[in-house]
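Summary of the model geometry
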Amino acid sequence: MSILDFIAIRYPRFLCSGLTRVKGPGKTLYLSFDDGPNPLVTENVLDLLDKYNAKASFFCKGTNTIMYPELLQKIKNKGHTIGNHSYSHLNAFKVSNKKWLIDCLRKSPVSDSYFFRPPYGRIYPWQCRRLKKDYRIILWDVLTYDFREDFDLRRIKKIILNKTRNGSIIVFHDNLQAAPQMIKALEFTLEYYTKKGFRFERI
Ligand SMILES: [Zn+2]
């Protein structure tokens, strides 16, 4: 991992001044789900959110919203927020500036969203400035590492407990690779913080 990759993941606001936390008086958390929708994952997420009366934000990949429009509609019908997560999820540090920006702005069922989250959290400051003309950039306060198959659930829970504070925007992944860990980590988060008196709201 390069130093730039490390900064993008650990200190995302250094590269792009997006929203990481919503400060308010109540006990509120902001769950977010990247990369979906996915036919084997998204409905499980929606059911869990319903069970805890939680609202959340879904940063969807354009290609997936074209393949699964009925799932996108389902997310919308439940009253969750939809954001753009680019068309095909390119890594800004691995492709040209032009190619990356074209992909982020490419027309899809989510390209006219108000919110945008950069794929992998990788973005250069000049790309951030360009995207801010069309979107509000949403980053995160808590990265759960649900996508790390080498992290066990106990480690992921520890990260969540250590980092989460009032107003945190928390990232999970609505994809097949993360799903086995993500569902368990999500259920833990919903259960634990509901008992602590928190509410879950959409951005
Ligand atoms: Zn992503």
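Read on for a plain summary of the structure. This structure is a prediction, so every number in the text was calculated from the model and none was measured.

To continue, consider the state of the cysteines. Applying the stated rule across the entire model yields one disulfide. Two residues, C16 and C128, share a disulfide whose sulfurs are 2.1 Å apart. The sign of the 65 degrees torsion about the S-S bond sets the C16-C128 disulfide as right-handed. Taken together, the residues span a long stretch of sequence, with C16 in the loop between α1 (3–10) and β1 (28–34) and C128 in helix α6 (residues 125–131) at a distance of 112 residues. Since its relative accessible area comes to 1%, C16 is described here as buried. Residue C128 is classed as buried on the basis of its relative accessible area, which comes to 3%. Note on C60: no disulfide assigned, nearest cysteine sulfur contributed by C104 at a separation of 15 Å.

Now for the pattern of salt bridges. The tally for this structure, following the rule as stated, stands at ten salt bridges. Of the charged contacts, one joins K51 and E187 as a salt bridge, the two residues approaching to 3.2 Å between their closest N and O atoms. Note that K51 is positioned in helix α2 (residues 42–51) and E187 in helix α8 (residues 179–195), a separation of 136 residues in sequence. You can call K51 exposed: its relative accessible area is 57%. For the salt bridge of R165 with D141, the shortest nitrogen-to-oxygen distance reads 2.8 Å. A residue pair is termed long-range when its members are at least 10 positions apart, and R165 in the loop between α7 (153–163) and β7 (169–173) and D141 in the loop between β5 (136–137) and β6 (142–143) qualify at 24 residues. What makes R165 partly exposed here is its relative accessible area of 41%. For D141, a relative accessible area of 17% corresponds to the buried category.

Turning next to the pairing of strand β3 (residues 81–84). Burial along β3 is two-sided: the residues T81 and G83 and I82 and N84 are all buried. Strand direction decides the pairing type here: strand β2 (residues 56–60) and β3, joined by four bridges, are parallel. Bridged to F59 within β3 is G83. Direction of pairing for β3 relative to strand β4 (residues 115–116): parallel, over a ladder of two bridges. Paired with N84 across the two strands is F116, which belongs to β4.

Cut-offs used in this document
Residue indices begin from 1 for each chain and proceed along its sequence in written order. Since the coordinates come from a predicted model, pLDDT governs what is reported: local features require at least 70, and pairs of side-chain atoms require 80 or more to be given and counted, while whole-chain, interface and lining totals use all residues. Values reported for side chains reflect all heavy atoms of the structure, with hydrogen atoms and water molecules removed beforehand. Working definition: a disulfide is two cysteine sulfur atoms within 2.5 Å of each other. Numbering goes from the N terminus for both helices and strands, where a helix is a DSSP run of H or I of at least four residues and a strand is a run of E of at least two. Remark: exposure states derive from per-residue accessible area (1.4 Å probe, protein chains only) relative to the maximum for the residue type, with buried under 20%, exposed over 50%, and partly exposed in between. We define a salt bridge as a contact between a side-chain nitrogen of Lys or Arg and a carboxyl oxygen of Asp or Glu at a distance within 4 Å. Any two strands with at least two DSSP bridges between them are considered paired.

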